[in-house]
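The chain contents come next:
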Amino acid sequence: MEQPTLSALLKAEEETTRNQLRADDIIDRNRKQSVDRLNELLGGMLLRYNAAYSGEQSRQAIADSMTAAVQDMLPLLNAGTAVREMPKRKVRTGAIVMLLLAVICALVCVLLIREYFPVGCAFLALAAVCGFAAGLLWHGEREVRVHAGLNSELVWKTLQKTVETMDRKTEEFLAQEADLSSGAESEAISGAGITDPEALQIFGDLLEGLYSGNGDFALRQLKKLQPWLADRGIETRDYGPETAEMFDLLPTKNRPTTLRPALVADGKLLTTGKATEQLR
């Protein structure tokens, strides 16, 4: 069975989540609810992802780190603000004309009302009508209500792209880690071999003494071993009262003798030596 990716897990929740985001924006008008919903979605995806890769700790750690970073960024969706503005509208020309007509009718009414009362009343009524019309046409400030919502389609596409990036970066990191591990293993294997020309020469001479059966020649070559070890920071210690703890002791009736020196580097014992100790 193919192991799931974060993108596949997100795809499985696409229809439900997109419908919920649209409802949060159009019906509930609640951005915080959308943020909580996305946070819960990512948490559930991470649990299923880690369960599918229960034996890969590196993959789980990468997924957990990236998911936590994305979840911490989700509250930025609430960072926008919505304010009520009071814009001013331009005064219409018709309002000015009606106001002037109202003033003219009022003046005519004042001039004619004493001599021609009915005519004066008519102009007074006309002035009132013109003044009322001017008031209707004269717009001042008006309060505007603003609703700040989320573009559910844009939010979903951004989340989808983010999850795809998480999958890609996870695979790139794991591939790089595998390459480094392979390189370190190869280096360790190659380092286990002996490539020092001087060491190869010493071992070759010893083998020559073994194959030729020439013990004296082999002993002469062994004298080169101590200087070779000293050049590499390894010192030999012979048996004595101060170095007794570095040796495995064998009983003897003869005087104490060093059978094999102890090897020491940087004050640390590398190998124990072997010596004989006189019975008392």
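The paragraphs below set out a description of the structure included in this document. Predicted model only: the values in this text are computed from it and were never measured. (Residues numbered from 1 in each chain as written. Predicted model: local features only at pLDDT ≥ 70, side-chain atom pairs only at ≥ 80, totals over all residues. Heavy atoms only, no water.)

Things to note about the overall build of the protein
Along its length, the protein carries 10 helices and 6 strands. Restricting the contact set of the protein to residue pairs at least 6 apart, pairs at least 24 apart contribute 67%. As displayed, the protein has an accessible area near 19,900 Å², and 58% of this comes from carbon and sulfur atoms. (Helix = DSSP H or I, 4+ residues; strand = E, 2+ residues; numbered from the N terminus. Contact = heavy atoms within 4.5 Å. Areas by Shrake-Rupley, 256 points an atom, 1.4 Å probe, with all protein chains shown as cover.)

Some thoughts on the side chain of Ser 34
Inspection of the secondary structure assignment puts Ser 34 in helix H3 (residues 31–52). Setting aside its immediate chain neighbours within four residues, Ser 34 contacts Leu 21, Asp 24 and Leu 150.

What about the pattern of salt bridges?
Close approach of charged atoms allows side chains with opposite charge to pair. The tally for this structure, following the rule as stated, stands at 12 salt bridges. The partner of Lys 169 in a salt bridge is Glu 172, and the shortest N-O contact between them spans 3.6 Å. You can see Lys 169 and its partner Glu 172 sitting in helix H7 (residues 152–192), 3 residues apart, about one turn around the helix. Exposure remark for Glu 172: the relative accessible area of 42% places this residue in the partly exposed category. Linked by salt bridges that have partners in common, Lys 11, Glu 14, Arg 18, Arg 22 and Glu 153 make up one network. (Salt bridge = Lys/Arg side-chain N within 4 Å of Asp/Glu carboxyl O. Buried < 20%, exposed > 50% of the residue type's maximum accessible area, 1.4 Å probe, protein only.)

Examining the packing of H3 against helix H4 (residues 57–73)
The contact between H3 and H4 brings their axes to 10 Å, and the two run at 180 degrees. Between H3 and H4, the angle is such that the two are roughly antiparallel. Contact with H3, carried on its side by Asn 39, Leu 42, Gly 43, Leu 46, Tyr 49 and Asn 50, involves Arg 59, Gln 60, Ala 63, Asp 64, Thr 67, Val 70 and Gln 71 of H4 and no other residues of that element. (Axes fitted to C-alpha atoms, helices over the stretch in contact; angles between N-to-C directions. Parallel < 35°, antiparallel > 145°, perpendicular 65-115°, else oblique.)

Some remarks on the sheet that holds strand S5 (residues 268–271)
Across the sheet, which stays open at both edges, the 3 strands sit in the order S1-S4-S5 with antiparallel pairing between neighbours. The sheet is open, and its two edges are formed by strand S1 (235–237) and S5, each paired on a single side. Sheet twist, expressed as the mean angle between neighbouring strand axes with direction ignored, is 40 degrees. Summarising the sheet, strand S4 (residues 262–265) and S5 pair through 3 bridges and their orientation is antiparallel. Bridge pairing links Ala 265 to Lys 268 in S5. (Pairing = 2+ DSSP bridges.)

Structural notes on unusual backbone geometry
Leaving glycine out, the prevailing phi sign among residues is negative, and the prevailing peptide bond configuration is trans. Positive phi is not limited to glycine here, since Arg 29 has a value of about 50 degrees. Among the secondary structure elements, Arg 29 is positioned in the loop between helix H2 (14–28) and H3. Its relative accessible area of 55% is what places Arg 29 among the exposed residues. The residue Asp 266 is not glycine, and still its phi comes out positive at about 55 degrees.

Observations concerning the packing of H2 against H3
For the pair H2 and H3, the least separation of the axes is 10 Å and the interaxial angle reads 165 degrees. The orientation of H2 with respect to H3, classified from their angle, is roughly antiparallel. Along this stretch, H2 crosses H3, giving a crossing that reads as right-handed. Contacts between H2 and H3 pair Thr 17, Gln 20, Leu 21, Asp 24 and Asp 28 from the former with Gln 33, Ser 34, Arg 37, Leu 38 and Leu 41 from the latter. Broken down by class, the residue content of the contact of H2 with H3 amounts to 3 nonpolar, 4 polar and 3 charged. (Left-handed = near helix turned anticlockwise from the far one by under 90°. Nonpolar A, V, L, I, M, F, W, Y, C, P; charged D, E, K, R; others polar.)

Overview of the environment of Leu 42
For Leu 42, the location among the structural elements is in helix H3. Leave out the neighbours within four places in its chain, and Leu 42 touches Thr 67, Val 70, Gln 71, Leu 74 and Leu 159.

Some thoughts on the sheet that holds strand S6 (residues 273–278)
Strand order in the open sheet formed by 3 strands is S2-S6-S3, and the pairing between neighbours is mixed. Across the chains shown, the open sheet's two edge strands, defined by having one partner strand only, are strand S2 (247–252) and strand S3 (257–260). Adjacent strand axes in the sheet meet at a mean angle of 30 degrees when their direction is disregarded.

A short note on the nonpolar core
A general tendency of soluble globular proteins is for nonpolar side chains to be buried together. Judged by nonpolar contacts, the single largest core of 20 residues is most densely connected at Leu 6, Leu 10, Met 45 and Leu 159. Secondary structure elements with two or more residues in this core: helix H1 (6–12), H3, H4 and H7. Leaving out residues up to four positions away in the same chain, Leu 6 has contacts with Met 45, Tyr 49, Val 163, Met 166 and Asp 167. If you look at the next biggest cluster of nonpolar residues, it comprises 5 residues, including Met 98, Ala 102, Ala 133 and Ala 134. (Core = buried A, V, L, I, M, F, W, Y, C linked by side-chain atoms within 4.5 Å.)

Quick word on the packing of aromatic side chains
When we look at a pair of aromatic rings, we describe it by the centre distance and by the angle of the planes. For the structure shown, the criterion picks out 2 aromatic pairs. Ring geometry for Tyr 49 against Tyr 53: centres 4.8 Å apart, planes inclined by 45 degrees, an arrangement best described as tilted. Of the two residues, Tyr 49 and Tyr 53, neither departs from the other in class, the shared state being buried. With a centroid separation of 5.5 Å and 80 degrees between ring planes, the pair formed by Tyr 239 and Phe 247 is classed as edge-to-face. Above the ring of Tyr 53, the side-chain terminus of Arg 59 is found at 4.5 Å from the ring centroid. (Phe/Tyr/Trp six-rings, centres within 6.5 Å; stacked < 30°, edge-to-face > 60°. Lys NZ or Arg CZ within 6 Å of the ring centre and 35° of its normal.)

Any functional reading would require information that these geometric values do not contain.
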